[in-house]
Amino acid sequence: MQDHMVRIVSSDGLLRGVAAVTTDLVKEICQKQQTDLTATVALGRLLTGGALLGCLLKGQQRLALVVEGNGPLGKLSVETDADGRVRGSIRNPVAGLPPKADRFDVAGAVGRAGFLHVWKDLGLKAPYQSMVQLQSSEIAEDLAWYLTSSEQIPSSVSLGVELDSAGQVAAAGGLLIQALPPGDEQRVDLLVERLQQLPPVTSLLRQGLDPAGILAQLFNELDFRVQAEVPLSFYCPCDRQQIQQMLVGLGVAELQSLADEQQPAEVTCEYCRSQYHFSQQELLALINK
Ligand SMILES: [Zn+2]
């Protein structure tokens with residue numbers, strides 16, 4: 001099944017559901033980032049959460065999620081857009097933590113204390129920025145808390161990354177349920193109850209259900225219509241110009257010391273691992289700018 005996501009809304013417009021399969025995306029990005037098992041599950045959850053939230057964007061809008069806790073992973077970043085193009089990076093890809101009670105210790109790897117930052121470029125003058133404290137550091141609950149407290153839309157998020165015995169990503173996906181204003185508490189309770197009874201998203205995917213099938217199981221007899229179906233893919237929009245700007249941002253002294261090293265400076269994009277080389281002359285030209 002190719003990675004994609006589906007967004008539905010109940011016919012009265014009060015309930016929204018998004019489901020995604022992200023197996024290949026998580027596999028590809030975690031390979032680029034060279035994550036260990038726990039880091040794969042942590043970054044995979046954030047990538048999937050980013051995709052789900054990205055499904056609520058329109059046109060040229062972009063979204064970035066950054067989780068920064070006091071655990072060994074340091075900082076996890078995910079960026080996405082309305083077209084389902086996703087990239088992600090992790091500061092320290094090796095959590096080096098043993099599983100806890102047969103589960104990967106994502107909360108320990110992220111760190112129990114920290115923040116979730118959300119940036120949205122909605123095409124306005126300044127980007128929208130928000131920050132919430134991490135609740136459980138298991139990612140899904142943290143995203144749900146952000147949506148509920150900061151965006152004021154009661155939300156339930158479920159994220160799953162399942163690894164096989166060789167440590168490879170076997171399945172990854174997620175589910176987002178939102179109660180839209182003015183709200184319908186009774187039916188929200190019903191959906192949340194159903195969500196809790198549902199097997200993990202990854203089990204459903206492995207049973208052969210696709211995102212539309214998972215949403216249909218959840219919404220069941222409730223009337224709904226499909227609003228969007230979006231393919232998901234890895235995409236990094238970095239280019240030489242951006243990297244050049246980043247170098248300029250380092251300041252004259254830092255650039256001069258790079259130029260003094262008498263060899264080309266090598267800059268690696270943290271997301272796609274593309275390498276950019278700048279000769280001594282190019283570095284000097286940047287200083288003179
Ligand atoms: Zn890149």
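Just above, that's the structure.
Residues numbered from 1 in each chain as written. Predicted model: local features only at pLDDT ≥ 70, side-chain atom pairs only at ≥ 80, totals over all residues. Heavy atoms only, no water.

**Things to note about the nonpolar core**
As a rule of thumb, nonpolar side chains are buried together in soluble globular proteins. Counting 69 residues, the largest nonpolar core has Leu73, Leu76, Val110 and Leu116 as the members making the most contacts within it. With sequence-adjacent residues up to four places away left out, Val110 is seen in contact with Ala42, Val67, Gly69, Asn70, Gly71, Leu73, Leu76, Leu134, Ser137 and Ile139. Judged by nonpolar contacts, the second largest core, of 20 residues, contains Ala19, Ala179, Leu205 and Leu222. (Core = buried A, V, L, I, M, F, W, Y, C linked by side-chain atoms within 4.5 Å. Buried < 20%, exposed > 50% of the residue type's maximum accessible area, 1.4 Å probe, protein only. Contact = heavy atoms within 4.5 Å.)

**Some thoughts on unusual backbone geometry**
Between Pro181 and Pro182 the backbone carries a cis peptide bond, its omega angle lying at 5°. Structurally, Pro182 is set in the loop between β9 (169-179) and α5 (185-197). Unusually for a residue other than glycine, Ser137 sits at a positive phi of about 65°. Looking at the element boundaries, Ser137 is found in the loop between β7 (128-133) and α4 (140-150). Positive phi, normally seen in glycine, also occurs at Arg273, with a value near 70°. (Helix = DSSP H or I, 4+ residues; strand = E, 2+ residues; numbered from the N terminus.)

**A short note on the packing of helix α8 (residues 240-249) against helix α10 (residues 280-288)**
In contact at an axis separation of 10 Å, α8 and α10 are set at 65° when each is read in the N-to-C sense. The way α8 lies across α10 gives a crossing that is right-handed. Residues Arg240, Gln244, Leu247 and Val248 of α8 pack against Glu282, Leu283 and Leu286 of α10. (Axes fitted to C-alpha atoms, helices over the stretch in contact; angles between N-to-C directions. Left-handed = near helix turned anticlockwise from the far one by under 90°.)

**Focus on the sheet that holds strand β10 (residues 224-231)**
Pairing is antiparallel in the open sheet, where five strands are placed in the order β8-β9-β2-β1-β10. One side of each edge strand has no neighbouring strand; the edge strands of this open sheet are β8 (155-163) and β10. For this sheet, the mean angle separating the axes of adjacent strands, direction not counted, is 10°. Pairing between strand β2 (residues 15-21) and β9: seven bridges, direction antiparallel. The partner of Ala19 across the bridge, within β9, is Leu175. Packed onto the sheet, helix α1 (residues 23-33) meets β2, β8 and β9 and runs at close to 120° relative to β9. Here helix α7 (residues 211-219) sits on the sheet in contact with β1 (4-10), β2, β9 and β10, set at roughly 145° to β2. (Pairing = 2+ DSSP bridges.)

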